[in-house]
Amino acid sequence: MTLLECPLCGGTATSHSGLCKPCETGLPRPVHPCERCSCELPVDGPWQRHCESCLLSPPGFDHCLAAFRYEFPVRELIAGFKFQADFALGRSLAVLLAERLRTSCDNAGERPVLVPVPLHEGRLRGRGFNQSLLVARVLAAQCAMPLATRHCERVRATPTQRGLGAGERQGNLRGAFAITQPARVFPHVIIVDDVVTTASTVSEIAGLYRRAGSRRVDVACLARVS
Ligand SMILES: [Zn+2]
Ligand SMILES: [Zn+2]
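What you see is a predicted model; the values in this text were computed from it and never measured.

Reading the values: rules and limits
- Residues numbered from 1 in each chain as written.
- Chains lettered and ligands numbered in written order.
- Predicted model: local features only at pLDDT ≥ 70, side-chain atom pairs only at ≥ 80, totals over all residues.
- Helix = DSSP H or I, 4+ residues; strand = E, 2+ residues; numbered from the N terminus.
- Rg over C-alpha atoms; globule rule 2.2 N^0.38 Å.
- Contact = placed C-beta atoms within 7 Å.
- Buried ≥ 20, exposed ≤ 12 C-beta atoms within 10 Å, placed from the backbone.
- Pairing = 2+ DSSP bridges.
- Right-handed = clockwise from strand over helix to strand, strands pointing away.
- Axes fitted to C-alpha atoms, helices over the stretch in contact; angles between N-to-C directions.
- Parallel < 35°, antiparallel > 145°, perpendicular 65-115°, else oblique.
- Left-handed = near helix turned anticlockwise from the far one by under 90°.
- Nonpolar A, V, L, I, M, F, W, Y, C, P; charged D, E, K, R; others polar.
- Expected span 1.5 Å × (residues − 1).

**A closer look at the overall build of the chain**
Secondary structure assignment for the chain yields eight helices and six strands. The helix and strand sequence of the chain, counted from the amino end, reads α-α-β-α-α-β-α-α-β-α-β-β-α-β. For 226 residues, the compact-globule formula gives about 17 Å, and the C-alpha radius of gyration of the chain, at 17 Å, lands near that figure. Seen through its principal axes, the chain has C-alpha atoms that stretch 50 × 45 × 40 Å. Of the contacts made within the chain by residues no fewer than 6 positions apart, 69% connect residues no fewer than 24 positions apart.

Take a look at the structure:
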């Protein structure tokens, strides 16, 4: 039997995720996430279930599940996965997200369909792969959920969202996505993304699915930026 090496410390990988146990337990998990969008709520503030932003203008989805906080070393692991095509890192994080998704979906009614956030053709050619699709494939295999790969497509390239405010981001994304087979309605959708930053992308796609007849739209991501 060959022993796998933990990609973080070089020790022996002892866990299902391909990491060693100490590295796995040391990853930054959510502490006090908003029950809707999963951003971290201040630990020293008054007790609340939802963040201000969800209370003032609720996002298009019902619930966002994040495996980790977007902090060291998760941030660096995701960068290795996305920009250096280190698929073992992506798989490790996706397996840990799958564990959380399985426990959170145990009593859900309709079987959810996984929809990865699509990349525009140009971006896809540049990078060579869609990281959200790779995460969704791991979730589909580990949680035995159907995966809809080309049901939602990016029909318009959008300038980078970096440096834009929430309102500008939403405007920037309008009309960027489309559902390719509107006749196929999924009652419960889980949108899969690698990192959720302001939630405007996943909110835009969630709105599209709601208008197409989905009753429940959730989000699952490796990490949530707070
Ligand atoms: Zn390790
Ligand atoms: Zn929130």
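**Points about the pairing of strand β6 (residues 216-224)**
The buried fraction of β6 is high, at eight of nine residues. Sheet topology places strand β1 (residues 63-69) next to β6; six bridges connect them, and they run parallel. By the bridge assignment, Phe68 is partnered in β6 with Ala223. Note: strand β5 (residues 188-196) against β6, eight bridges, orientation parallel. Residue pairing for β6: Ile191 is matched across the bridge by Val219. After leaving β5, the chain enters helix α8 (residues 200-211) and then returns to the sheet as β6, a path that is right-handed.

**Quick look at the packing of helix α4 (residues 87-104) against helix α6 (residues 131-143)**
The geometry of α4 relative to α6 is characterised by a closest axis approach of 9 Å and an angle of 50° between their N-to-C directions. The orientation of α4 with respect to α6, classified from their angle, is oblique. Once α4 is placed against α6, the crossing between them reads as right-handed. Facing Phe87, Gly90, Arg91, Ala94, Val95, Leu97, Ala98, Leu101 and Arg102 of α4, the residues of α6 in contact are Gln131, Leu134, Val135, Val138, Leu139, Gln142 and Cys143. Class assignment for the residues of the contact of α4 with α6 results in 11 nonpolar, three polar and two charged.

**Brief notes about α8**
Given a rise of 1.5 Å per residue, 12 residues ought to cover 16 Å, and the 17 Å separating the end C-alpha atoms of α8 matches this to within 8%. Of all 12 residues in α8, nine are buried, a share of seventy percent or more. Taken residue by residue, α8 has Ser200, Thr201, Val202, Ser203, Glu204, Ile205, Ala206, Leu208 and Tyr209 as its buried positions. Just downstream of α8, Gly213 is the residue with a positive phi angle, here 110°.

**Digging into the sheet that holds β5**
Note on sheets: strands pair through backbone hydrogen bonds, and any given pair is parallel or antiparallel. Here we have four strands laid out as an open sheet, ordered β1-β6-β5-β2, and parallel in their pairing. Each of the sheet's edge strands pairs with one partner strand only, and the pair in question is β1 and β2 (113-116). Going across the sheet, the axis of each strand differs from the next one's by a mean of 25°, ignoring polarity. Examined bridge by bridge, β2 and β5 share four bridges and lie parallel to one another. Among the inter-strand pairings, Val115 is bridged to a residue of β5, identified as Ile191. Packed on one face of the sheet, α6 meets β2, β5 and β6 and runs near 130° to β5.

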